[in-house]
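So the chains spell out like this:
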Amino acid sequence: MKKKIKRIHDSLYLKENRYKKTKESFKLLINILKKKINSKKRYSVIDVGCSNGELIYQLEKHFKNFEITGLDIRSDLINKAKQNVSDKIKFIKKDIFKRQEFKKYDIVICSGVISIADNPKEFCNNLLKLKKRDGLIYLFHHFNSFDYNVYVKYQDLKNPNYLQSGWNIFSLSYLSKLFKRKKIKYYRFNSKKNILQNKKDFVRSWSIKINKKNFFTNGLMLILDQYWIEIKN
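To keep things clear, this report deals only with the structure shown in the data block. Model, not experiment: these values are computed from the prediction. (Residues numbered from 1 in each chain as written. Predicted model: local features only at pLDDT ≥ 70, side-chain atom pairs only at ≥ 80, totals over all residues. Heavy atoms only, no water.)

### Thoughts on helix α4 (residues 120–130)
So, step 1. Within α4 the residues assigned to the buried category are Pro120, Glu122, Phe123, Cys124, Asn126, Leu127 and Leu130.
So, step 2. On its buried side, α4 packs onto β2 (43–48), β5 (105–111), β6 (131–144), β8 (170–171) and α5 (172–178). (Buried < 20%, exposed > 50% of the residue type's maximum accessible area, 1.4 Å probe, protein only. Helix = DSSP H or I, 4+ residues; strand = E, 2+ residues; numbered from the N terminus. Contact = heavy atoms within 4.5 Å.)

### Here's the deal with helix α3 (residues 75–84)
Each turn of an α-helix holds 3.6 residues, which means side chains three or four residues apart point in the same direction.
So, step 1. Looking at α3, one finds that the buried residues are Leu77, Ile78, Lys80 and Ala81. Along α3, the residues classed as buried sweep out an arc of 160° about the axis, all on the same side.
So, step 2. If you follow the buried residues of α3, they end up packed against β3 (66–72) and β4 (90–93). (Arc of directions from axis to C-beta.)

### A look at the environment of Lys193
So, step 1. Examined against the element boundaries, Lys193 turns out to sit in the loop between β9 (183–189) and β10 (206–210).
So, step 2. According to the relative accessible area criterion, Lys193 is partly exposed, its value standing at 44%.
So, step 3. In this structure, the C-alpha to C-alpha distance between Lys193 and Trp206, residues 13 residues apart in sequence, is 10 Å.
So, step 4. The contacts of Lys193, once residues within four sequence positions are left out, are Glu24, Ser207 and Asn214.

### Focus on the packing of aromatic side chains
Pairs of aromatic rings are described using the distance from one ring centre to the other and the angle between the two planes.
So, step 1. All told, the structure shown has eight aromatic pairs when counted by the stated rule.
So, step 2. Look at Tyr19 and Tyr57: their rings are 5.7 Å apart centre to centre, the planes differ by 65°, and that puts the pair in the edge-to-face class. Of this pair, Tyr19 sits in the loop between β1 (4–6) and α1 (24–36) while Tyr57 sits in helix α2 (residues 54–62), placing them 38 residues apart in sequence.
So, step 3. Residue classification places Tyr19 among the buried positions, given a relative accessible area of 5%. (Phe/Tyr/Trp six-rings, centres within 6.5 Å; stacked < 30°, edge-to-face > 60°.)

### Considering the pairing of β5
So, step 1. In terms of burial, β5 is largely enclosed, as seven of its seven residues are buried.
So, step 2. Two strands pair when backbone bridges link them, and β5 and β6 are joined in this way by six bridges, in the parallel orientation. Pairing of Ile107 across the sheet is with Leu136, part of β6.
So, step 3. In this region the chain leaves β5, passes through α4 and returns to the parallel neighbour β6; the handedness of that crossover is right-handed. (Pairing = 2+ DSSP bridges. Right-handed = clockwise from strand over helix to strand, strands pointing away.)

### A look at a positive patch on the surface
So, step 1. The grouping of Lys35, Lys183, Lys185 and Lys232 at the surface amounts to a positive patch.
So, step 2. By the secondary structure assignment, Lys183 is in strand β9.
So, step 3. Take Lys183: its relative accessible area is 55%, and that puts it in the exposed class. (Patch = residues over 30% accessible without salt bridge, like charges linked within 9 Å, V, L, I, M, F, W, Y side chains within 5 Å. Areas by Shrake-Rupley, 256 points an atom, 1.4 Å probe, with all protein chains shown as cover. Salt bridge = Lys/Arg side-chain N within 4 Å of Asp/Glu carboxyl O. Lys, Arg positive; Asp, Glu negative; His and termini not counted. Charge placed at Lys NZ, Arg CZ, Asp CG, Glu CD.)

Nothing here speaks to function; it is all geometry.
Structure below.
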């Protein structure tokens, strides 16, 4: 019998509180944005898949000229985010993977979401719908420098009745085709910290050294090569 596919692993973010000790990948984005934006101009910004609001917390801290909106499909994560950011932040409960119309923003940020997509073309089209004509998209996750898209479904043997998603790996060249006629810049991310294995959750990533650089892996035995990708007209 064909097993159902579910995405349940995101519930872990309800227990995490990395607001002040921010992720290194978020620090890289903040440094990129500081070089790109005009401090005298106001920007509308949306964090797609905002989860518990850890990135929004940092954006609000570093950029007083940002009008920030968080978008996520989970009400429980949005509620946690609201508890940790100011009441100036707006939130939208929507499914970014469904075909629909969106309000447009100056800056669209999406971290750690694209790997859930089994239809990356529609997902990327929705990101483009969110972007103003002269706006920017910043997309973060693990990507493949080779010309292969990898679709991953895994079975947790403690919960064997269904398959879980969330670890697809898309080729950088494929993404270039999806964002055709757009200017694309790649910022490769290698963690400077050594992230230890989480003994209670082997799907959580930890760092390994390859050619003296830190990459990530997890209990699915994947090697994760991470990038921030900047997309503009």
